[in-house]
Amino acid sequence: MKILGLLFILFSSSAWACWSLDLKLAIDGDVFKIQHKTDHDKDYTQALGPYILNFKLKKDQNKSINFIYRLDEKKNQKLVLITQGEEEISLGVNKEIYAKGEENQPHSIITLKLNSI
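Values in this document were obtained by computation on a predicted structure and should not be read as measured data.

Right, let's get into the pairing of strand β8 (residues 108–116). Taken together, the nine bridges between strand β1 (residues 19–27) and β8 define a ladder with antiparallel strand orientation. Paired with Ile27 across the bridge in β8 is Ser108. Sheet topology places strand β7 (residues 95–99) next to β8; five bridges connect them, and they run antiparallel. The residue of β8 that forms the bridge with Tyr98 is Ile109.

Once that is clear, we can look at the nonpolar core. Counting 24 residues, the largest nonpolar core has Leu23, Phe67, Tyr69, Ile110 and Leu112 as its most contacted members. Where this core is concerned, the elements lending two or more residues are β1, β2 (30–38), β3 (43–48), β4 (51–59), β5 (65–75), β6 (78–89), β7 and β8. At five residues, β1 tops the list of elements feeding residues into this core. Not counting residues within four places of it along the chain, the set of residues in contact with Leu112 comprises Leu21, Asp22, Leu23, Phe67, Ile89, Val93, Asn94, Lys95 and Ile97.

With respect to the secondary-structure elements, Ile117 resides in the segment after β8. Distance in space between the C-alpha atoms of Ile117 and Cys18 is 5.8 Å, their sequence separation being 99 residues.

So, about the pattern of salt bridges. This structure, assessed with the given rule, holds four salt bridges. The partner of Lys56 in a salt bridge is Asp43, with the nearest N and O atoms 4.0 Å apart. Taken together, the positions of Lys56 in strand β4 and Asp43 in strand β3 put the pair 13 residues apart, joining distant regions of the chain. The closest approach of N and O atoms between Glu87 and Lys95, which form a salt bridge, is 3.6 Å. Looking at Glu87, the relative accessible area reads 27%, which means it is partly exposed. By relative accessible area, which is 25% here, Lys95 ends up partly exposed.

Now for the pairing of β4. Across six bridges, the pairing between β3 and β4 is antiparallel. Each residue of the ladder has a partner; that of Gln46, found in β4, is Leu53. In textbook terms, the turn of a hairpin is the stretch between consecutive antiparallel strands, and for β3 and β4 this stretch comprises two residues, one of which, Gly49, has a positive phi near 60°. As paired strands, β4 and β5 are joined by nine bridges and run antiparallel to one another. Within β5, the residue paired with Leu57 across the bridge is Phe67.

Here the focus is the sheet that holds β4. The strand order β3-β4-β5-β6 describes an open sheet built from four strands, whose pairing is antiparallel. Strand pairing shows two members of the sheet lacking a second neighbour, β3 and β6, which therefore form its edges. Averaged over all neighbouring strand pairs, the angle between strand axes comes to 20°, with direction disregarded.

Turning our attention to the packing of aromatic side chains. Scanning all chains against the criterion turns up four aromatic pairs. The interplanar angle of 20° and the centroid separation of 5.7 Å between the aromatic rings of Phe67 and Tyr69 together place this pair among those described as stacked. Neither Phe67 nor Tyr69 differs from the other in exposure class; each is buried. An aromatic cluster is defined as three or more aromatic residues linked by ring pairs; in this entry it consists of Tyr44, Phe55, Phe67 and Tyr69.

Definitions and limits used
Residues numbered from 1 in each chain as written. Predicted model: local features only at pLDDT ≥ 70, side-chain atom pairs only at ≥ 80, totals over all residues. Heavy atoms only, no water. Pairing = 2+ DSSP bridges. Helix = DSSP H or I, 4+ residues; strand = E, 2+ residues; numbered from the N terminus. Core = buried A, V, L, I, M, F, W, Y, C linked by side-chain atoms within 4.5 Å. Buried < 20%, exposed > 50% of the residue type's maximum accessible area, 1.4 Å probe, protein only. Contact = heavy atoms within 4.5 Å. Salt bridge = Lys/Arg side-chain N within 4 Å of Asp/Glu carboxyl O. Axes fitted to C-alpha atoms, helices over the stretch in contact; angles between N-to-C directions. Phe/Tyr/Trp six-rings, centres within 6.5 Å; stacked < 30°, edge-to-face > 60°.

Distances and angles like these do not, on their own, reveal function.
This is the structure in structure tokens:
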């Protein structure tokens, strides 16, 4: 039991994640890149400069993986919705999401690659 407890202390929960997500966001001439260890059905929030990306990977009954996202911009003390949506992605394949911005908001391109760990 002590060994099991020690293992949990030494390795964070992110070390046990299911996937590694390579993500690139291009919006208004800015490009942001991140690598993120993820697990399915868990919400994540990532700050990318003045933008905040909230996302979740969700498995559906057909064993496909859906990327559910919401992109906001920090303006003064509030968040302004840029875009949101849901896209199906596959393991090991680059997926480009052309996310149309909400009214009076910029369009963005989200490039994803999901790898199994």
